[in-house]
Structure formats: structure tokens, C-alpha cells
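Descriptive analysis of the structure
This is what each chain is made of:
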Number of protein chains: 2
Amino acid sequence: MAPIRLDALSMSTDNTSSNVNSARCPEITISEYIFERLYQMGVKSVFGVPGDFNLSLLEHIYDVKSIKWIGTCNELNAAYAADAYAKTSRQMGAVLTTFGVGELSALNGIAGAYSEFVPVVHIVGTSPLPEKRSNLVKNFHHLITNRKMYQKPDHYVYEKLAQTFSVASASIEDGDIAKTCDSVDNVLESVWRESRPGYIFLPCDLTEMKVPFSRLNDKPLKKSYDSGNEQLVDSVVSEILERIYSKQNVSILADAFISKFRMEKPFEKLVKLLNDKVNLFDTYMAKGIFSEDTDRFVGTYAGKVGSKQVSEAIEASDLVLYVGSFANEMNCGFFSYKLDESKIIDLNPQYIRIGKKMYTGVTFMDVLPKLIEKLDASRINSSVRYKSIEKQSLQKVQSNIEAPLTEADLGRSLENLLQPDDILIVETCSFMTGAFQLNMNDARMVSQCYWGSIGYALPATLGACLALRDFQMPGKVITVEGDGSAQMSLQELTSMIRYEVDAIMIMLNNSGYTIERAIKGPYSGYNDICGNWQWTKMLKVFGDINEEKSRSLQITSSKQLSNLVNAGLHDEGRFQLIELILPKFDIPWHYGK
Amino acid sequence: MAPIRLDALSMSTDNTSSNVNSARCPEITISEYIFERLYQMGVKSVFGVPGDFNLSLLEHIYDVKSIKWIGTCNELNAAYAADAYAKTSRQMGAVLTTFGVGELSALNGIAGAYSEFVPVVHIVGTSPLPEKRSNLVKNFHHLITNRKMYQKPDHYVYEKLAQTFSVASASIEDGDIAKTCDSVDNVLESVWRESRPGYIFLPCDLTEMKVPFSRLNDKPLKKSYDSGNEQLVDSVVSEILERIYSKQNVSILADAFISKFRMEKPFEKLVKLLNDKVNLFDTYMAKGIFSEDTDRFVGTYAGKVGSKQVSEAIEASDLVLYVGSFANEMNCGFFSYKLDESKIIDLNPQYIRIGKKMYTGVTFMDVLPKLIEKLDASRINSSVRYKSIEKQSLQKVQSNIEAPLTEADLGRSLENLLQPDDILIVETCSFMTGAFQLNMNDARMVSQCYWGSIGYALPATLGACLALRDFQMPGKVITVEGDGSAQMSLQELTSMIRYEVDAIMIMLNNSGYTIERAIKGPYSGYNDICGNWQWTKMLKVFGDINEEKSRSLQITSSKQLSNLVNAGLHDEGRFQLIELILPKFDIPWHYGK
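None of these values were measured; they are calculated from a predicted model.

Residue and element names in this part refer to chain A. Overall, the coordinates contain 52 salt bridges over all chains when judged by the stated rule. Between Arg90 and Glu264 there is a salt bridge, with the nearest N and O atoms lying 3.4 Å from each other. Note that Arg90 is positioned in the loop between helix 4 (75-89) and strand 4 (93-98) and Glu264 in helix 12 (residues 264-273), a separation of 174 residues in sequence. By relative accessible area, Arg90 is classed as partly exposed at 21%. The salt bridge involving Asp182 is made with Arg215; its shortest N-O contact spans 3.0 Å.

So this is what it looks like as C-alpha cells:
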């Protein structure tokens, strides 16, 4: 069995040391405290937009030398970038916005991070504390008026709303300093532990509030999963082991929460212990967790939208260890998984389910290490071998459409282009279903396929590039973007020039929302977009007048595309926008081949 | 006294007839019903973005010939456009989005409409009804997962959230058809009556549900303000009249709710009745309600940020009729109004306040007509005349900065450019404070100065242009946009080409967030944006390759600018983007001159 790809990850684990030194003033501002704590959590770039309620806070970002401010064109783009930053660095992302207008604009991006379990902190500069507490009817800008406008507006309205989209929040006040700092720390620790967004609301008049510098070193932030339920863990582990030993045809289905909850190393050990006795499967969202040439790796299980042979293989198991399960529509072949509940051991970050028995006081972060410790590999039966299942490959996939260039051609070229440690970002677009069937060559995929907000991939490219740069990770960002999707967040192309990132962005010019034409209204006007965009001139207009920091190319045939890939596309040291001219209805792998 | 400008408005009042004819099938789909009702309310263009949960609904927009689908690049831009459409047409705006990702992206724009009292309907295509009702744990795309992911997600989560930002909502179900139609009608009537957003949530599986066609004609939508509290109205009116008769120096302060609640005609009558006995003032947000040459018009009251002489004049009154009062930070000179409560009769759409006495069961929509009916003009004392107060004009305003071109120059040129019935859209940017001091020449101003979300003006330009076109209103849209703001919503420039609108967009290229540099961090990096944008090539790249539908010019001196205005800038029949190269710190009228 080939090793699971963990080398890229291991490069970025030692970032918990603070960039502070003890010779400094014994007090720092709460603003600086927040940025220092972010840095300790693995944030080196903060994305966002200035606004009058966050300017004083922003002044302090320059106090923390190891944190960079990345001004984006708007707040939704900032949230997308922070999401991809966290997914790529496997640390944490941060967004900074202003009261009301800014935080609401970012909300869709935060909701996506909440649903896809991405650790993103959203820091909001709010109205001043005395106004928040006042009983006067004063209608502030950026603050929604009361339904009854003769009554006071509620300055906490957005903070209440944020609770739906976060696991913890801190609303800074001027009282007990220790408690205030605790509340900030609690947000960051919760975001880390639950891998979901949290909020810090800082009133614009409190940015200079002093807090003790010593906390930064004396109270390290907790990064651990402790159930505190050892007895339950032990009994659950015993029960799991008994099941494993008693079955003849055990499979492992590896899912996205393994990496989202940083369990790659224990998982790798588990797989090693099981040696070559069990069959290995992954899911769409865990794609890349196994090298494609891993001996016992059968394929990606995607129910009716994936390979029929792969589905039949896993469904024939008498026990499935569903590790880091992330059950959702897009990840389970549109709810077409056919695995009897009684055959599943569901190992999840919020619960363990053995057949029909549900345990909520225990998680797979507790169970996995214990399982490894107790497992007696000699007692495991060798399951059936699936030699006959062909490795998935796009070499044989054909487009249904006769054209000089199709998405099938793109798939084949990507398989040549991708190198180990690369980040492949795929937009929620016509190409996505196909992308899950690519041979990844040990590259990683970053997408927002479950939340599925189009427009994500373009700002995500910025976030992913900066994560690679900040943590000196190897690899290159390669993005597949649809033209309809790109229109949602287009302006962020300018940031590729501003921050000098060297991604490859492949723009699918197919004249509109092709993925939606496949669902409804293939010829309906609402699926058209404004045509005639001059993609190859876009980066010039956005600031790279002499093409010093980028190049832009239009590709119209598969031959041109493969020539470009062979001519060193991967190693060009500047941003590249590659426009592909594609047929309007070309979706080669649409919903089940 | 010159007439109050109502002629543009009167052109667009007769649009309540439905475009349906009785020879049709006795049943129509609920989708068509919604669009027909929108049309009856004065919506001829619906803004939005397609998504898988609204495609079936969108198919039916083509059933209603008089309604057009205006696909925008993203949902926030759609909301801004709909807001400006409603403000310009003085009818209603409509946005159509998809479940979760779409509706959340539009939220900041809806919140703005809620705060600024703009009638905008937001129609959302949601997940299917059986899924909404199901108790199964199925994690759908676009739907936020439960905090406990082993519990069912809440399909109504966004509908609950929308309640904070709307006055009414309808969640379509499959039960009683009459009740379903009533709920749709109720949303539209509430939006009209309260002049604030409402929501219609239509599950994607119910788009073909049949409803009776006859309702469209048999049950006309109510467009009236009936308090049903005649006795209270009478007593309030008597009390107001007694006050007016007893005072020596009465002023009228005309505010934004006069037009937002369609009270221009009764208000005009009131002013006529009072003849030339009282002094007239307006506010920032009501700017344009009086012609600048109206005899008794003293000026715009803006507290400490406006003219000192105007403030002294109104503050010397012994009674102020504050008609259509919209008290908020930006409209009241940052809460610097100095009017003793005892001297104010506050006539508001939600209450009447006479001195300290508050009446909530009655509104100025009830009171104004009665007041006119009962008023005996002969009993009013003539208040002091302010002959000496100079008309505000920018002719004398100087920029503080020595440069070939400044915002003061722009102000002077705008005063020459603006013609009656034009719509001047001003971004929340460095120029805004100055804009309120312009001589408007009977043009109207459309802005989002209270909510203040930068990026509004660019998509608003699209909305305003389509409103003028849809209702065949005279005038031209002229927009002043900042470069930092434009970056937020830039992609919508393409829609100017796609929908062939002929606005003039004046782009202030001052290298960043100048308005924020004035508040904090003049040299801080966070107030920079990506420079080097080629504004004059933008429209070519966005589809107008041969400059057939637009032209773009760069202006670097005040002489060039005034020459351009004199050379027929106003009457060019295509979209014009005029880039002004301005100094980084140029804000000639910043916060009090």
C-alpha cells in the first residue's frame, strides 16, 4: 500500500508559537490580542474590507508583524477566500468586516463554512458600546431600524442572527478583562474543536482597551478533543472490535471529517494495521485521502452517480467502517447510498453509531486512537479482493458532443497537469461531477460542492494561494471556473495581480449556466449570461497592463490544450488565465455515466 | 411659489391593470399568479439569478408578457437594482433568488430596503415541500446543517431569519388554495402599505400548482392606508390646527416619507394652502421635494453638517411641522438637530407626535388629507421671512486641494449637467456630503445614504434606468460612483451593455477608500485598493468590443470636464463611463464646511 499523503500537511503544523517577545509592554490592546491569538491558531492572512466601524481595529493589525491584511473587493469574496485558506492550510481562516453591511454581505460564505465544517473566524467591528446599551431611539447607519421605528433599534440584531451560523461568539464589553479575554479564547478554541465558524464582535470604541500581554504565553490556546468519557470510549471500542473480528468482508469508507478533524495520522495508522485485509473506499469530499495506486483502494463511492462496480463492491461488504462520515446530498450520490444501517459503524466527530445503536457522548477523535491501541490485526478476516475493478480513468471517457474542445479533453489534460501536493479547486459548475472522477496524482481537491454557492472558486483561488505561501507548502493552485460562476465574484481577479499569486485558472467559456441548462430550461433566456466577455484582456484591465504578473490565453482545441500542458503550463511563475471555448451543452459526466 | 415636482410621478400611476384577458384557461399556475400580481403592483422587471430551486418558477416568468427577467451577475447586485428600481419608479421592486446561497447573498440589500423603507419583494425558490416537512436527517445542498448533524436540518431556517428584514412573508404550501393566494396578496399589500420588504417562499415542487385565474380581476390588490380610527384622527387634527393657529413663526420640514408613502399630492396641497405664510425646509433624504426657486424655501436642514444660517432659521421657529419625518443619523446631521421636542409636530407613517404626546393608532397618511380639509389658512400667522439667506450654490465652494480636477469641479459641472426629471444616483462615497448641497435643477436624487452599503450605486444605476424605461418616465440617470465602492459590485457594468441602458456613470478614481481615509488611517494600507485599473477599457472587456453601446472617457482637468458637459454629454444615446482622475485626499465638503 502506498502511503497516505500526509507530507504536505506535516509542513504546516508548527505554527503555534506566538510572534511576541517578553521584553514588551505588560499590556496590549484587545485588538492586538485578537490578532496575536489568531496567529497562534494558524492564521497569517486576514481577509476583509475596511468600514468605519472597524478602522480603529484595523490600525492594530500592523502591530502583529506576522499577520497580513488582505483587502478584498467585497466581503463575500473575503469569506470565500478565508474558507479556502482554512481548507488549504488545514489551520484556520479569518474574515474581518464592518457592522451590518459588511457582516451581512459575508453571511452566505460563513453559512457555507458552517455547513461544510470549515474553521473560519469572523471578526466584526460594531457600533460603540454606549450606543449598544442606550435606551434612546437613535437610528444609526448600518443598523436596521426597528419594525416600529419609534422604538429603539437593536444593536445586537446581527449578533443574534450569527448564532445560527456559528458555534461560539464573543461580544466584547468593558467589564472584567479576564472574562473578556476568555471569551475571545473560547471562540477560537471552539472554532478549532468543532471546525465551524465563530464570531468576535468588537465595538469600535473598545479597540484600545488594555489586556495583559502575559496571557499570550501563560494561557496557551487549547487544541484538543477531550471527551472526558473514558469508560464509554472503552466500551464503544470493544463493541467495534468484536464486530470487526466477527465479519468476513470488512470495508473502510474514508470520509471528509478525517481531515477536517485532523485525524489523518491515526487514520493512517489504522489503515496500516489492517494491512491488506480490508478494502478501501473514499467519498467525493474525501477524494485524495488515498493515493490512487494504493493496493486495496477500490474507488470512490458515489452511489448512483459513481462507478457501478465500486458501488456493488462496497455494498457487498458485511461491515463498513465509515470513518469521519460526512453524510450529505452531494457526498452520498444524491442520497443513493445503499448500505444497510445494521452493517455500518459510523465514526463521526459528533457521535458514534454502531448499527442502530447511537452514542452521542463520544466521538471518532476519542475512539480512533483507542481503536488502534487495542486492535489485534491477526483476528481480522481477509475480505474479498476486487482485482477486476479497473482504476477509474478519464482516458476512456468521451464527450457526447462533437467539438474541437470539450470538458472531457480538459479532464484528460488535468490528469497530465496535476502534480503531487497541488490544490485543484473546482467550482460548482458543469465540470464538478467529472472532477470527482479524475486521477488526482496525489493532488488535493478543494471545492464547496455541498454548500454549492457558485462564485466560490475565484476568490477561493486567492485564499488557497496565500495559504500555500504563508505556510511554505509545496504545490500549485489550479482552478476550474465556470463563466456564469465567475461573473458572481469576478472583481477578485484583481487580487491575483495585487497579491502576485501564481495560480492557473481555467475558465470554461460555455456561454452561461450550463449546469442549470442540464437541469431545466436548456434554451431559456434566464440561463444566458452577458456574452462577449474578453477574458484574455481581463487581467490587463484589472491592473496588469503589461502582462508582467500574469498571462492570458484562449484555447479552442484539445490539441492546443495538450500542447500548452506539455509546454510547461504548470511551472510558469505568474498567474495564468486559460480561457477554454466550449460548447454550450457539454457536460460529459452529467449525473451518472 | 414654484410647483412641487410631481409631473414625472404622475406619468407612472396607471399601471394597475393586469395584462390578462378573460378568454384564458380558468386556472393558472401559482408561479404565473405571483408574476401577474407583481405586475399589478407595478413591477415590470424582476431582478435575480437562476438556481436549481427556482428554475421551474422562472420558466413561468415568460407566461406574463409584460414582465421582464433581468438576470444580474449576482444576488446582492439584484437586490440593489430592485431597490433603486422601486425608488425611481415609486412603485415596487422585485428580486428572485434561490434557496440559501441566493437569498443570503441578497440579504444586505434587503436589509437596506428594510431600513430605508423601500418596497421590495423577495421571491425565493425553496427546497421541495415534502422535504421541508420530513423528519428524516437529510443534509441537502444549500441548506445549513443542524448544529447537531445527526438531527434534521431546518428547512425553514432562512424563512425565520427573513422575518427580521421584512414586514410580511408567505410560505407556500399545498393546502387551501384561497388561503395560499391570500398569503401572496397579503405580502404584496403589506409591502406597498408599509413600504418595506416582504418575502414569498415557493417550494420548487409547487410551481405548477393551479389557482383560479379569476382572482386576478375579482380581487384587486388593496392599495390604501386605512387607519379605521376616524375619531382619533379628528381629535389629532384639531389639536394640530390649534397649535398652528396659535404660533407666530411656523415652519415646515419636509422629509423623505412624504414620497416613500406616496403623499406628494396632499403635501403639495398643504403647502399651497399655507400659501406663503410659513417657511419651507427639506432634509437630505427629501432633497428635491421643493424646487430650489420656491419662494419660501429656505434650505436643507442638516444640523451641524449643513448651512449654519439654515439651521439657525429653522431652530428659531416656534412650531415645526415635521412632515413625513424620517429621523436617522445621516438625515439629521449625525443627530445634531437642535429642535426642542415641544416645538415639533411629528407626522410619521407609524405615529403622530404633538410635542411630547405620542399617538400610535394614527399616521400622517390619515392626518394629512383631513388637515387640508379643515385648515383655515386665514388663521395662520405669517412667519418671519429669510430674504437674506443666500441660495446654496457650489459656485463659491472651493476645494482644499490644488489640483487640475477636484470634486468641487465635479459639483459645479453636475449643476450644469442635471436637467429636470433626471435621477442623480450618488454612492456612499467621498462625494456624498457635497451632493446634498448641489442645486438639483429639479432632478431627483437616489442614494442609499442611511443604510450606506458601498457598492450600491453601480447596480442601482441599472435598476433606475430600467424603471425609467419600463414606465416611460422622462429623465436620464447620472451616477457618481467611487472607485473603492465600484469594486464591490463591478461586474454589473456588463448589464449596462446587455440591457442597453444610457446612463452616465462618473467614476471617481482617487485610488481607494477616500471617505474612510478622512475618518481614520489616511495612509494606512487597508484604505488602498488595487490600483492601475483601466476604467476606459472596462466596458469593451465586458462585451462592448467596438464601443457600439457605450463610450468611455478619462478626464484629468476641470476644463476638460466642463467642455464635455457643454458638448452634449447629457444627450448621448448610449452608456457613458467618465473616469475622473482625482487627488487621493480630495473631499471638499467633508463634514461641515
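Moving on, we get to the relation of the copies chain A and chain B. In the superposition of chain A on chain B (RMSD 0.0 Å, axial shift 0.0 Å), the rotation amounts to 180°. Viewed as a symmetry operation, the transformation between the two copies matches a two-fold axis. By residue overlap, the copies meet face to face through one surface: 100% of the interface positions of chain A are interface positions in chain B.

Contacts between the two partners involve 92 residues from chain A and, on the opposite side, 92 residues from chain B. Carbon and sulfur atoms supply 62% of the area that chain A and chain B bury against each other, a total of about 7,600 Å² over both sides. On the chain A side of the contact with chain B, Arg147, Met149 and Tyr526 of chain A bury the most area, a combined 10% of that side's loss. Summed over the shared surface of chain A and chain B, the result is 2 salt bridges. In this structure, Glu194 of chain A and Arg147 of chain B form a salt bridge, with 2.8 Å as the shortest nitrogen-oxygen distance. Connecting chain A to chain B are 49 residue pairs in polar contact (both at pLDDT 80 or more).

Attention now moves to the domain arrangement of chain A. Residues and elements named next belong to chain A. Domain assignment breaks chain A into domain 1 (7-12 + 29-218), domain 2 (230-379) and domain 3 (394-581). Opposite the 14 residues of domain 1 that make contact, domain 2 presents 9 residues. Buried area between domain 1 and domain 2, both sides added, is near 890 Å², and the carbon and sulfur share of it is 52%. The largest share of the area that domain 1 buries against domain 2 comes from Arg90, Phe117 and Trp192, three residues that together contribute 47% of it. Our count for the contact surface shared by domain 1 and domain 2 stands at 1 salt bridge. The interface formed by domain 1 and domain 2 contains 4 residue pairs in polar contact (both at pLDDT 80 or more). At 3 residues, helix 8 (residues 177-194) tops the list of elements feeding residues into the side of domain 1 that touches domain 2.

Take the UniProt feature "domain: Thiamine pyrophosphate enzyme TPP-binding" (unreviewed entry) in chain A next. Within this structure's numbering, the places UniProt gives as "domain: Thiamine pyrophosphate enzyme TPP-binding" (unreviewed entry) are residues 439-527 of chain A. Helix makes up 37% of residues 439-527 of chain A and strand 18%, whereas the separation of the span's terminal C-alpha atoms amounts to 31 Å.

Attention shifts here to the confidence of the model for chain A. All names here are of chain A. Per-residue pLDDT for chain A averages 91, and the proportion of residues at 70 or more is 93%. Note on residues 1-19: pLDDT under 50 across the span, and 54 contacts to partners over four residues away in sequence or across chains. Reported for the predicted complex are a pTM of 0.95 and an ipTM of 0.94.

So, on to helix 12 of chain A. Burial in helix 12 of chain A covers these residues: Glu264, Pro266, Phe267, Glu268, Leu270 and Val271 of chain A. Of the residues trailing helix 12 of chain A, Asn275 of chain A is marked for its positive phi of about 55°.

Time to look at the packing of helix 4 of chain A against helix 17 (residues 457-470) of chain A. All names here are of chain A. One way to put it is that helix 4 packs onto helix 17 with a least axis distance of 7 Å and a crossing angle of 40°. By the criterion of interaxial angle, the relationship of helix 4 to helix 17 is oblique. In this structure, the crossing between helix 4 and helix 17 has a hand that is right-handed. When helix 4 is examined against helix 17, the residues Asn77, Tyr80, Ala81, Ala84, Tyr85, Thr88 and Ser89 are found in contact with a partner set consisting of Pro459, Ala460, Gly463, Ala464, Leu466, Ala467, Leu468 and Asp470. When its residues are assigned to classes, the contact of helix 4 with helix 17 shows 10 nonpolar, 4 polar and 1 charged.

Right, let's talk about the sheet that holds strand 10 (residues 279-282) of chain B for a bit. Residues and elements named next belong to chain B. Ordered in space as 11-10-9-12-13-14-15, the 7 strands form an open sheet in which the pairing is mixed. At either margin of the open sheet sits one strand with a lone partner, and together these are strand 11 (297-300) and strand 15 (357-359). Strand-to-strand twist of the sheet, defined as the mean angle between neighbouring strand axes without regard to direction, takes the value 15°. Across 4 bridges, strand 9 (residues 250-254) lies against strand 10 in parallel orientation.

Moving on: a positive patch on the surface. Together, Lys537 and Lys540 of chain A together with Lys537 and Lys540 of chain B make up a positively charged patch on the protein surface. Put simply, the parts of the chain that give the positive patch at least two residues each are helix 21 (535-541) of chain A together with helix 22 (535-541) of chain B. As for its position among the elements, Lys540 of chain B is in helix 22. You can call Lys540 of chain B partly exposed: its relative accessible area is 37%.

A few words on the side chain of Gln576 of chain B. Residue and element names in this part refer to chain B. Relative to the helices and strands, Gln576 is located in strand 21 (residues 575-581). Classification of Gln576 as buried rests on a relative accessible area of 0%. The residues touching Gln576, leaving out its near neighbours within four places in the chain, are Ala503, Ile504, Met505, Arg551 and Leu569.

Quick look at the side chain of Thr283 of chain B now. All names here are of chain B. Counting through the fold element by element, Thr283 comes out in the loop between strand 10 and strand 11. Here Asn331 takes part through its side chain, which lies 3.4 Å from a polar atom of the side chain of Thr283. Ignoring any residue separated from it by four or fewer positions in sequence, one finds Thr283 in contact with Leu253, Ala254, Asp255, Ala256, Thr300, Tyr301, Asn331 and Tyr337.

In this section: the environment of Leu462 of chain A. Residue and element names in this part refer to chain A. Within the secondary structure, Leu462 sits in helix 17. C-alpha of Leu462 to C-alpha of Ala408: the two residues are 54 residues apart in sequence and 26 Å apart in space. When sequence neighbours within four positions are dropped, the list of residues in contact with Leu462 reads Phe47, Ile70, Thr72, Glu492, Ser495, Met496, Tyr499 and Val501.

Calculation criteria
- Residues numbered from 1 in each chain as written.
- Chains lettered and ligands numbered in written order.
- Predicted model: local features only at pLDDT ≥ 70, side-chain atom pairs only at ≥ 80, totals over all residues.
- Heavy atoms only, no water.
- Salt bridge = Lys/Arg side-chain N within 4 Å of Asp/Glu carboxyl O.
- Helix = DSSP H or I, 4+ residues; strand = E, 2+ residues; numbered from the N terminus.
- Buried < 20%, exposed > 50% of the residue type's maximum accessible area, 1.4 Å probe, protein only.
- Least-squares fit on C-alpha atoms with pLDDT ≥ 70 in both.
- Contact = heavy atoms within 4.5 Å.
- Buried area = accessible area lost by both parts, 1.4 Å probe.
- Polar contact = N/O pair within 3.5 Å; in protein donor to acceptor, adjacent residues only side chain to side chain.
- Domains from an automatic or database assignment.
- UniProt positions renumbered as here; feature names shortened; annotations may be inferred.
- pLDDT = per-residue confidence, 0-100.
- Axes fitted to C-alpha atoms, helices over the stretch in contact; angles between N-to-C directions.
- Parallel < 35°, antiparallel > 145°, perpendicular 65-115°, else oblique.
- Left-handed = near helix turned anticlockwise from the far one by under 90°.
- Nonpolar A, V, L, I, M, F, W, Y, C, P; charged D, E, K, R; others polar.
- Pairing = 2+ DSSP bridges.
- Patch = residues over 30% accessible without salt bridge, like charges linked within 9 Å, V, L, I, M, F, W, Y side chains within 5 Å.
- Areas by Shrake-Rupley, 256 points an atom, 1.4 Å probe, with all protein chains shown as cover.
- Lys, Arg positive; Asp, Glu negative; His and termini not counted.
- Charge placed at Lys NZ, Arg CZ, Asp CG, Glu CD.

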